[in-house]
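# Summary of structural features
Letter by letter, the chains look like this.
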Protein chains: 2
Amino acid sequence: MTPKITRFLAEQQPATPCLVVDLDVVETHFHALHHSMPEAKIYYAIKANPAPAILNRLVALGSCFDAASIAEIRMCLDAGATPDRISYGNTLKKPEWICEAYDLGIRLFVFDSIEELEKLGQHAPGARVFCRLAVENEGADWPLSRKFGTTLKHARALMLHARDLGLKPYGLSFHVGSQQTGVAAYDHAITKAAALYHDLRAQGVDLGMLNLGGGFPTHYRENVPSVQDFADTIHASLTTNFPDDAPEILLEPGRYMVGQSGVVSSEVILVSRRGGAASDPRWVYLDIGRFGGLAETEGEAIRYTFRTSRDAEEGTRSPCVVAGPSCDGVDIMYEKNRITMPDSLTCGDRIEILATGAYVSTYCSVGFNGFPPLTEYYI
Amino acid sequence: MTPKITRFLAEQQPATPCLVVDLDVVETHFHALHHSMPEAKIYYAIKANPAPAILNRLVALGSCFDAASIAEIRMCLDAGATPDRISYGNTLKKPEWICEAYDLGIRLFVFDSIEELEKLGQHAPGARVFCRLAVENEGADWPLSRKFGTTLKHARALMLHARDLGLKPYGLSFHVGSQQTGVAAYDHAITKAAALYHDLRAQGVDLGMLNLGGGFPTHYRENVPSVQDFADTIHASLTTNFPDDAPEILLEPGRYMVGQSGVVSSEVILVSRRGGAASDPRWVYLDIGRFGGLAETEGEAIRYTFRTSRDAEEGTRSPCVVAGPSCDGVDIMYEKNRITMPDSLTCGDRIEILATGAYVSTYCSVGFNGFPPLTEYYI
């Protein structure tokens, strides 16, 4: 938690639950990634947090943008990004969405199937297209592999076909999975994509671009490799796989860029051992849960760090089950991976949940159980 | 799908995705439940669908309401319900929420822990309170047992304590789990609660109320017992367990009351076999998914029925994986329980998802991937 957020919470005492994002942390992460991989173009994955304040800051820094929908494209344009800095990075697009994006000036589109490629040929004539490959997601806490991407063999046929459809076959992409903690995943994926890249060149299709997707992790509870560790592996792999001339490299960081920037401030509604016995598990119920924005605690996949207003006190601590405020039985965040908290914790105490800048504000439900969406502050 | 909804969709051709609810179906279900259990007071679980049109209709029918939050209490009051028809049925309440509810005239509160009971004693003097017991949720597709409810032994101590705190120990409640398809679950739970009920009477605490919770199922893909089947079991169990004088019975139906009333109209974005081979699984991507309202497809727990605009055509059919429109890898609705659809299905085709009146509109995210919340029509 940054001094700026600490001060904001102390001075403003905002009603809970709320999300407070320090925009300087976003900027720091942009610079760190750019410093580690200066040759790469950074396409911020807007879906991680589309707040105008973040988009404005990234536009000013020179970032490009990976949009999942027409609404996200419009958000980038509203923030001042020119269309050439925006990639329509969702493989799932209605024809009218492609038309609208094209009318807005977007000329970079992804696909992973013949049907989507043909839609692009029809509605985005002359646009640059890249094909998403399916790669292993081993090591990722939030895998993305089953739903997206095609095989090397099929991608080859599609890229050859793209030209016939009047499109510019521009590159290949993959995604090693979100919150990827193994640097080797990038080497494996680059090696796989490079084989097709060279094969296509031999067929007369000179792509020129390789999109490494996102996946760079945020530091939650466990240590993760630094972005420099990833950059070193990626550089070594690019040197090996493209000994003569490396393609243009695109990155699509989302979680990495904004995860550390945010803190959720919440309040304890109830602490109880429901069975009444000292041996019963201690449950801590907060005023935010899986349907208030912390959706990535599903399956306890993303494991946030908790700070309580009693952490500085002396006294015993013990593991707690942590759950949300709704009447829903699945609104439990951590039961297997319990959170150790002071035994003095009680109703009304504040709890700060760290590194919640990514994938929190937008996962939030419109009003499940009558609870309003999360209030957000960008400072 | 009712003729009214069919006509609405045909005539209005609303943009997809949207939810269309036939209010007459809600009324039919209210009457059916009331007819099967005329002695029971029906407390509609607002969380299933808090649309003003539904609350207005149920107020007119004489329903009572089970609220999960202050916002839901206010929705009921706005719809014309008097405070004596509202139960604050969430075991998780901040002190200020209890105060606000009390100020609004609410005098019926649930609890399942000593901490919550003491909050009620302090902030809701003289209110009627009921204690939620933990019971088996076997047979439920959406279990609720781990997060809520206490033991018989502890409930006994709490109920004796309630009197000392200036509260009216009024009843016991349980929840056999949502979408409960086994009638015996109610018999087991009633038998368990009855033992404590009689025990407390012997201690001089005459409760007078038993809240059977919700759980009555909606017909999705599989057949489920009728509400009359449940009523028969419940009546037999009450006769056995309360041979002399039965307590007042409360029911908290949510899913049962509104599930069948709604249809989601959606559109196919893409149909593809991503690997390009005929042996690859066929994926159907819709413009609604887990984050657009169909959250209960998590773990494929709730299995909806799909109708496509090509169902009347001749031709072959085959099973499909069904997924949502977002870039999120977990936004897959059915992969194990595939949906058989016409092989001619393609981008732009309409798909209606039946029995989506409950737990859809409010689970919807505020804007994940830039997709707006579901549009709702109440007719």
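What counts and how
- Residues numbered from 1 in each chain as written.
- Chains lettered and ligands numbered in written order.
- Predicted model: local features only at pLDDT ≥ 70, side-chain atom pairs only at ≥ 80, totals over all residues.
- Heavy atoms only, no water.
- UniProt positions renumbered as here; feature names shortened; annotations may be inferred.
- Helix = DSSP H or I, 4+ residues; strand = E, 2+ residues; numbered from the N terminus.
- Buried < 20%, exposed > 50% of the residue type's maximum accessible area, 1.4 Å probe, protein only.
- Contact = heavy atoms within 4.5 Å.
- Axes fitted to C-alpha atoms, helices over the stretch in contact; angles between N-to-C directions.
- Parallel < 35°, antiparallel > 145°, perpendicular 65-115°, else oblique.
- Left-handed = near helix turned anticlockwise from the far one by under 90°.
- Buried area = accessible area lost by both parts, 1.4 Å probe.
- Salt bridge = Lys/Arg side-chain N within 4 Å of Asp/Glu carboxyl O.
- Nonpolar A, V, L, I, M, F, W, Y, C, P; charged D, E, K, R; others polar.

Going by an unreviewed UniProt entry, chain A carries the name ornithine decarboxylase and comes from Gluconobacter kanchanaburiensis NBRC 103587. Reading the Sequence similarities (unreviewed entry) entry of the UniProt record for chain A gives the comment "Belongs to the Orn/Lys/Arg decarboxylase class-II family." Chain A has a UniProt comment under Pathway (unreviewed entry) that states "Amine and polyamine biosynthesis; putrescine biosynthesis via L-ornithine pathway; putrescine from L-ornithine: step 1/1."

### Comments concerning the UniProt feature "modified residue: N6-(pyridoxal phosphate)lysine" (unreviewed entry) in chain A
When the UniProt feature table is mapped onto this chain, "modified residue: N6-(pyridoxal phosphate)lysine" (unreviewed entry) is found at A:Lys47. Tracing the backbone through its elements, the reader meets A:Lys47 in the loop between β2 (40-45) and α3 (52-61). On the basis of relative accessible area, A:Lys47 is assigned to the buried category, the value being 9%. Each residue touching A:Lys47, except ones within four places of it in the same chain, is listed here: A:Asp66, A:Ala68, A:Glu72, A:Tyr359, A:Thr362, B:Cys327, B:Phe368 and B:Asn369.

### Examining the environment of B:Gly329
Among the secondary structure elements, B:Gly329 is positioned in the loop between β15 (317-323) and β16 (332-342). Sequence separation between B:Gly329 and B:Glu27 is 302 residues, and the spatial gap between their C-alpha atoms is 39 Å.

### Re the packing of helix α6 (residues 114-123) of chain B against helix α7 (residues 152-164) of chain B
All names here are of chain B. In contact at an axis separation of 11 Å, α6 and α7 are set at 15 degrees when each is read in the N-to-C sense. With respect to α7, the element α6 is oriented roughly parallel. Between α6 and α7 lies a crossing of right-handed hand. Between α6 and α7, the residues in contact are Ile-114, Leu-117 and Glu-118 and His-154, Leu-158, His-161 and Ala-162, respectively.

### With respect to the interface of chain B and chain A
Taken together, the contact pairs 71 residues of chain B with 71 residues of chain A. In total, chain B and chain A occlude about 5,500 Å² of area from one another, counting both sides; carbon and sulfur atoms represent 60% of this. When the buried area of chain B at its contact with chain A is split by residue, B:Lys147, B:Arg274 and B:Cys327 rank highest and sum to 14% of it. For the pair chain B and chain A, the number of links is 10 salt bridges. Across the salt bridge formed by B:Arg146 and A:Glu335, the nearest N and O atoms sit 2.3 Å from each other. Within the residue set of the side of chain B that touches chain A, elements represented by two or more residues are α4 (70-78), α5 (95-103), α6, β12 (262-272), β13 (282-286) and β16 of chain B. Top contributing element to the side of chain B that touches chain A by residue count: β12(B), with five residues. Each residue belonging to the side of chain B that touches chain A can be placed in one class, and the counts come to 29 nonpolar, 23 polar and 19 charged.

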